[in-house]
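Each chain, written out:
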Amino acid sequence: MSCDGAEVSCTSASSDGLRNRFGERVPPLSTFYLYLTAGCNLACNHCWITPRFMRDGGTGGHLDLERLEQGIVEGKPLGLASCKLTGGEPTLHPQFIELCQLLARHGLEMWMESNGVLLTPEMAREARRLGMTFCSISLDGATAQTHDHQRNVRGAFEGARAGIRALVDAGIRVQAIFTLTRDNAHELFDVFTVARDFGCSSVKVNLLEPTGRGQLMTVHERGLGVAELIELGRRCEALEDTVGIPVLYSWPPAFWHLRRLLRRDAESCGVRNILGVLADGSLALCGIGRHLEELVYGAIGRSNLAEVWLEHPKLRELRAFQPSELEGVCGQCLHAPTCFGACRASVYNATRSLRAPFMMCQRAYEAGLFPASRLRPRQPGTEEGDLACAG
């Protein structure tokens, strides 16, 4: 790949080797989030991506392999080393195995998020042979009744169970992902045992995102209040040693027990090191680009990837943004330098600001539930109103 026109050096994947024409140091592009299909075989109540529900088994549009390979070739000099396969539903892609072969041929690490329904033992074995070692499978209830209600397709629970078994038998580690809503909270603790018995190696509890269909659930009060979320998080942490597999409750580190802080076992979206590749080849800030046109930066085949990564104004704004600029309670939080205000894509979607506080943290602070020990000492003359949400 040539970086002519972008006026950059792409000879190294380190931050020292990537600079734009303004002399700014640029982090490596380490990961593509591949949204392989614009459609899905399920229609989940909480989905923040909102793919088209494909009753007929179609894809709703899917990522072209030639276009993907062009993106890989352009991305590797920028540091590209891994890809997350997601959707829509990644296994709907008609060339799913060929796509995994393409990634393996280019030496890229791969992992996947799936609903599991379409996974077969043959697909799992081939994915493992090609280097896949980890997959997240959605499990939104401990019973078929609850899971299928969340997913709006009968048989989704049994399909997820079969998909998990196929992956485990193939030697791929599986993490069950449970998205917590008012409709399934009663099965939260039971799902830990079910996931363990299915063969999962961990469980991750995601909080409802007020984006896409999740926004409708929020409007109709199907999400939990901040006090309920905090109580359930504390109970999950207390149960961790009794479940038999790790349980990760996806809330900001300001709420973590000290034991978890010392382990630093949280996952991070690494927003400064990723690009989302949508099903039509568009380049975006993760999948939020499906909803926000200003977070689509170009498209493979129509844009020079080096120019996009190094020069796009929105990406430069993201890199220039510092945790010290966070507003509201996040600006006073001791964890801001590492937490970075949690999911910036979700915050931007809700507020159109990179600096706005993370919604859960701000609501917890306003309700008097934010841990005071995780806040920087207030400076003399600081007013209480300074922690109010600017949005």
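Residues numbered from 1 in each chain as written. Predicted model: local features only at pLDDT ≥ 70, side-chain atom pairs only at ≥ 80, totals over all residues. Heavy atoms only, no water.

This part takes up the side chain of H147. Looking at the secondary structure, you find H147 in helix α4 (residues 144–151). At 2.9 Å, the side chain of H147 forms a polar contact with the backbone nitrogen of D140. (Helix = DSSP H or I, 4+ residues; strand = E, 2+ residues; numbered from the N terminus. Polar contact = N/O pair within 3.5 Å; in protein donor to acceptor, adjacent residues only side chain to side chain.)

This paragraph deals with the sheet that holds strand β9 (residues 247–249). Spatially, the ten strands line up as an open sheet ordered β9-β8-β7-β6-β5-β4-β1-β10-β11-β12, and their pairing is mixed. Since the sheet does not close on itself, it has two edges, and those belong to β9 and β12 (296–299), each with one partner. Shown here is a sheet whose adjacent strand axes are inclined to one another by a mean of 20°, direction ignored. The pairing of strand β10 (residues 274–277) with strand β11 (residues 282–284) spans two bridges and is classified as antiparallel. Directly across from V277, in β11, lies its bridge partner L283. (Pairing = 2+ DSSP bridges. Axes fitted to C-alpha atoms, helices over the stretch in contact; angles between N-to-C directions.)

This paragraph deals with the packing of aromatic side chains. Per the counting criterion, the structure on display carries six aromatic pairs. Between Y249 and W251, the ring centres sit 4.9 Å apart and the planes meet at 85°, which makes this aromatic pair edge-to-face. Residue Y249 is classed as buried on the basis of its relative accessible area, which comes to 1%. A residue is classified by how much of its surface remains accessible, and W251, at 4% relative accessible area, is buried. Ring geometry for F255 versus F370: centroids 5.4 Å apart, planes at 75°, classification edge-to-face. Separated by 115 residues along the polypeptide, F255 in the loop between β9 and α9 (258–263) and F370 in the segment after α14 (359–366) bring together distant segments of the chain. Owing to a relative accessible area of 8%, F370 belongs among the buried residues under this scheme. Chaining the aromatic ring pairs together yields one cluster made of Y249, W251, F255 and F370. (Phe/Tyr/Trp six-rings, centres within 6.5 Å; stacked < 30°, edge-to-face > 60°. Buried < 20%, exposed > 50% of the residue type's maximum accessible area, 1.4 Å probe, protein only.)

Turning our eyes to something else, we now look at the pairing of strand β1 (residues 31–35). Each regular strand shows side chains that alternate between the opposite faces of the sheet. Taken across its five residues, β1 has five buried, putting it largely inside the fold. Burial of the side chains of β1 extends over both faces: T31, Y33 and Y35 are buried on one face and F32 and L34 on the other. Note: β1 against strand β4 (residues 82–86), five bridges, orientation parallel. The residue of β4 that forms the bridge with Y33 is K84. Both β1 and β10 contribute to a ladder of four bridges, which runs parallel. Along β10, the bridge assignment pairs T31 with I274.

Let's shift gears to the side chain of N184. Secondary-structure assignment places N184 in the loop between β7 (173–180) and α6 (188–198). Owing to a relative accessible area of 0%, N184 belongs among the buried residues under this scheme. At a separation of 3.0 Å, a polar atom in the side chain of N184 contacts the main-chain carbonyl oxygen of D140. The contact partners of N184, leaving out residues within four places of it in the chain, are D140, T146, Q150, F178 and T179. (Contact = heavy atoms within 4.5 Å.)

Moving on, we get to the packing of helix α1 (residues 65–75) against helix α2 (residues 96–105). Two elements in contact, α1 and α2, have axes whose closest approach is 11 Å; the angle formed by their N-to-C orientations is 20°. When the axis of α1 is compared with that of α2, the two are roughly parallel. Crossing angle aside, the handedness with which α1 passes α2 is right-handed. Contact residues: α1 offers L65, L68, E69 and I72, while α2 offers E98, L99, L102, L103 and R105. (Parallel < 35°, antiparallel > 145°, perpendicular 65-115°, else oblique. Left-handed = near helix turned anticlockwise from the far one by under 90°.)

Using the criterion set out here, one finds zero disulfides in the structure. You can see C236 has no disulfide; the closest cysteine sulfur is in C200, sitting 15 Å from it. Its relative accessible area of 2% is what places C236 among the buried residues. No disulfide involves C330; its sulfur sits 4.9 Å from the nearest other cysteine sulfur, which is in C361. For C330, a relative accessible area of 6% corresponds to the buried category. (Disulfide = S-S within 2.5 Å.)

Bringing the pattern of salt bridges into the picture now. Considering all chains together, one arrives at 15 salt bridges under this definition. Measuring nitrogen to oxygen at the nearest pair gives 2.6 Å for the salt bridge that ties E126 to R129. Within this pair, E126 and its partner R129 are both found in helix α3 (residues 121–129), separated by three residues, close to a single helical turn. Between R196 and D197 there is a salt bridge whose closest N-O contact spans 3.4 Å. (Salt bridge = Lys/Arg side-chain N within 4 Å of Asp/Glu carboxyl O.)

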